[in-house]
Amino acid sequence: MAKNKNIFDYVFFTEILQGMGVTLKHMFKKPVTYKYPYEATPIFERFRGVHYMKTDEDGNPKCVGCYLCERVCPSECIHIETDAGPNGERLIRKYEIELDRCIYCGFCEEACPVDAIHMGRSYDVVRPTREGYRVNMKFLVDKYKEYLKDKGE
Ligand code: SF4
Ligand code: SF4
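The structure presented is a predicted model; accordingly, all values stated were derived computationally and were not measured.

Structural notes on the side chain of Lys-54
Looking at where Lys-54 falls in the secondary structure, it is placed in the loop between β1 (51-53) and α2 (68-72). Setting aside anything within four residues of it in sequence, one finds Lys-54 in contact with Asn-60, Pro-61, Lys-62, Asp-115, Ala-116, His-118 and Tyr-144.

Things to note about the pairing of strand β3 (residues 90-98)
Here strand β2 (residues 78-84) pairs with β3 via 7 bridges, running antiparallel. Paired with Thr-82 across the bridge in β3 is Ile-92. As paired elements, β3 and strand β5 (residues 134-135) share 2 bridges and run antiparallel to each other. In the sheet register, Glu-98 faces β5, and the bridge partner there is Arg-134.

Structural notes on the site of ligand 2
Residues in contact with ligand 2 amount to 13 residues; listed here are only the nearest, Cys-63, Cys-66, Tyr-67, Cys-69 and Cys-112. Across the shell around ligand 2, the residue classes break down as 12 nonpolar, 1 polar and no charged.

About the cut-offs
- Residues numbered from 1 in each chain as written.
- Chains lettered and ligands numbered in written order.
- Predicted model: local features only at pLDDT ≥ 70, side-chain atom pairs only at ≥ 80, totals over all residues.
- Heavy atoms only, no water.
- Helix = DSSP H or I, 4+ residues; strand = E, 2+ residues; numbered from the N terminus.
- Contact = heavy atoms within 4.5 Å.
- Pairing = 2+ DSSP bridges.
- Near = heavy atom within 4 Å.
- Nonpolar A, V, L, I, M, F, W, Y, C, P; charged D, E, K, R; others polar.

Structure, rendered in structure tokens:
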């Protein structure tokens, strides 16, 4: 019994020392975590974040309603509705993306023939409801304005 107690004491003591050693070692290492949201996490060059919609010189969305992004989207999370314009063009009645279903693959950006829809760099869209993640054209155009502001344009 006494022998077991001595061994227990011995192991316990060394384990405490080993644990303290690990703690001390990490105390002087550079932290690998960030104090998000107070501290922004670094974003890599090819990061694909929340989309933005480019506008023309008059401030109108560049989208021509070709539906290519909707067709190519593997998550089926882009929803477009158009009306026929007076000159046969398509007028965008609805352009929505369900951000909570998007897998940020970038296919929509690649498919767009007029360079309208783009993957941005923001990732901090937090909404209290699922419906809130269904964003519309105004949101996407505002994201473009944010993008330009961040770039200093
Ligand atoms: S990034 Fe991919 S999943 Fe998201 S909307 Fe575009 S095509 Fe769809
Ligand atoms: S691919 Fe481009 S132009 Fe065509 S509907 Fe999508 S955003 Fe609009």
